[in-house]
Amino acid sequence: MSKKQRFFWILLTLFIGAIVFVYSFRKVNFKEFCRQMANTNYNWLLIAFLMIIFYYLTMAWILKILLRPTKVNFWGLIRTPLMEQFGNGITPFSVGGQPMQILGLQQAGVSVGEGSSVSLMKFVIYQGMIVVTFLICLVFGYQYVADHMLAMTSLVIFGIIIHVLVLLGLIFIMFFPPITEKLANIALIPFRWFLSDEQVDEISLKLDQKILEFHAVSHKLASDPKKLFEASCLTLIQLLVYYLIPYFILRAVGAENANAIFIVALNVILTLAISIFPVPGGTGGAEIGFSLLFSSFLANHTVTIFAMLVWRLMTYYFGIFAGLLAYNIIPNQLDEKNHVDN
């Protein structure tokens, strides 16, 4: 991603976010908003912020596990999840996250091939744990959504279908390369209508090489059940920590009736629903979804908007700006003698 592209997506993200916040504040009583700021229990917000920090540290820990025994620059390992969040946050459907993660790993001393394969495996584990948490939380929160927000049920169902299809596609790439190569070649057929045969053949060759490379390293990772088990457990913890953040925010603004398990279930459903919004960070859908799902726990519209604003600043905008800062602080690469070849 070039500097111009990054600048464009950052401006677009902030512009869309500003429109959403201005629209959200149109019915907010400013005096009530200031009163809510004064009455907020900031101890709960501190816990929520620490959960965000733990969330990013857990992502770094997962990378460290998947990269074993390769030694990685410590700061490079810490900054990579922030760079990933930056890429996710400024691009539609979070497509910029993985390239930024691979770049971060490369700058930390990991080869592009290994970094790409580890990034893919991490993504597969992440997708798998999303499906697991969703199926668990259906028991606690889906009926509430179906009863109170019928329009969101179709988004939730569509979201889980997309996640399952992505998961199956990645599994095919990792474990069934011949089939994946054939499917990739079929998908390239329309490109022959506006590209030369030489160009398409070159793309096809690169795709085949990437598929085989992913397969080789992924097979190596999959052959280490302990490593995969540790990464899967940590990913599950990472997701639960993220899904629990609205609970602490709600408690901070006086929602004494909030139930932690129920809030987690609702946030899982909200996250799945907004993941299909074709704008950076699901902006618009995230704010509206939060207000719809959690307003019943709060005193009035002003308190709801305040809680939503805090939630978005912590879970979305903090990651973007921390990632932008991390991106510009490049680590010193490991010496070759300290790098373990795989």
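Residues numbered from 1 in each chain as written. Predicted model: local features only at pLDDT ≥ 70, side-chain atom pairs only at ≥ 80, totals over all residues. Heavy atoms only, no water.

Peer 1: How would you sum up the overall build of the protein? Please name residues and give values.
Peer 2: Helix and strand counts for the protein stand at 13 helices and zero strands. Walking the protein from its N terminus toward its C terminus, one meets helices and strands in the order α-α-α-α-α-α-α-α-α-α-α-α-α. Summarising its shape, the C-alpha atoms of the protein cover approximately 65 × 45 × 40 Å along the three principal directions. Per-residue burial for the protein yields a buried fraction of 50% across its 342 residues. For the protein, long-range pairs separated by at least 24 residues make up 79% of all intrachain contacts whose partners lie at least 6 apart in sequence. Counting only carbon and sulfur atoms, one obtains 70% of the accessible surface of the protein, whose full area is about 16900 Å². Looking at the protein, you have 22 positive and 18 negative side-chain charges, and the mean spots of the two groups are 10 Å apart. (Helix = DSSP H or I, 4+ residues; strand = E, 2+ residues; numbered from the N terminus. Buried < 20%, exposed > 50% of the residue type's maximum accessible area, 1.4 Å probe, protein only. Contact = heavy atoms within 4.5 Å. Areas by Shrake-Rupley, 256 points an atom, 1.4 Å probe, with all protein chains shown as cover. Lys, Arg positive; Asp, Glu negative; His and termini not counted. Charge placed at Lys NZ, Arg CZ, Asp CG, Glu CD.)

Peer 1: Just give me the short version of the packing of helix α3 (residues 42-67) against helix α13 (residues 301-327), but keep the residues and values in it.
Peer 2: In contact at an axis separation of 11 Å, α3 and α13 are set at 25 degrees when each is read in the N-to-C sense. In terms of axis orientation, α3 runs roughly parallel to α13. When the axes of α3 and α13 are compared, the crossing they make is right-handed. Along its contact with α3, which presents L45, A48, F49, I52, I53 and Y56, the element α13 presents V310, M314, T315, F318 and G319. Classifying every residue of the contact of α3 with α13 gives nine nonpolar, two polar and no charged. (Axes fitted to C-alpha atoms, helices over the stretch in contact; angles between N-to-C directions. Parallel < 35°, antiparallel > 145°, perpendicular 65-115°, else oblique. Left-handed = near helix turned anticlockwise from the far one by under 90°. Nonpolar A, V, L, I, M, F, W, Y, C, P; charged D, E, K, R; others polar.)

Peer 1: Hey, could you go over α13 for me, with residue numbers and the actual values?
Peer 2: Taking 1.5 Å as the rise per residue, α13 with 27 residues should run 39 Å; its terminal C-alpha atoms sit 37 Å apart, in good agreement. Of all the bends in α13, the largest measures some 40 degrees and sits at L313. Where burial is concerned, most of α13 is hidden: 21 out of the 27 residues are buried. Sitting at the head of α13, N300 places a side-chain oxygen 3.1 Å from the backbone nitrogen of T302. (Expected span 1.5 Å × (residues − 1). Bend = angle between axes of the 7 residues up to and from the residue. Polar contact = N/O pair within 3.5 Å; in protein donor to acceptor, adjacent residues only side chain to side chain.)

Peer 1: Break down unusual backbone geometry for me, citing the residues and quoting the values.
Peer 2: Of note, the bond from R68 into P69 is cis; its omega dihedral lies within 30 degrees of zero at 5 degrees. Structurally, P69 is set in the loop between α3 and α4 (74-89).

Peer 1: Talk me through the pattern of salt bridges; I want residue IDs and the actual numbers.
Peer 2: A full pass over the atoms with the stated rule returns five salt bridges. Here R68 ties to E230 by a salt bridge, and the two come within 3.2 Å at their closest N and O atoms. Linking R68 in the loop between α3 and α4 with E230 in helix α10 (residues 225-252), this pair joins segments that are 162 residues apart in sequence. Overall, R68 belongs to the partly exposed group, its relative accessible area being 37%. Using a relative accessible area of 22% as the deciding quantity, one classes E230 as partly exposed. (Salt bridge = Lys/Arg side-chain N within 4 Å of Asp/Glu carboxyl O.)

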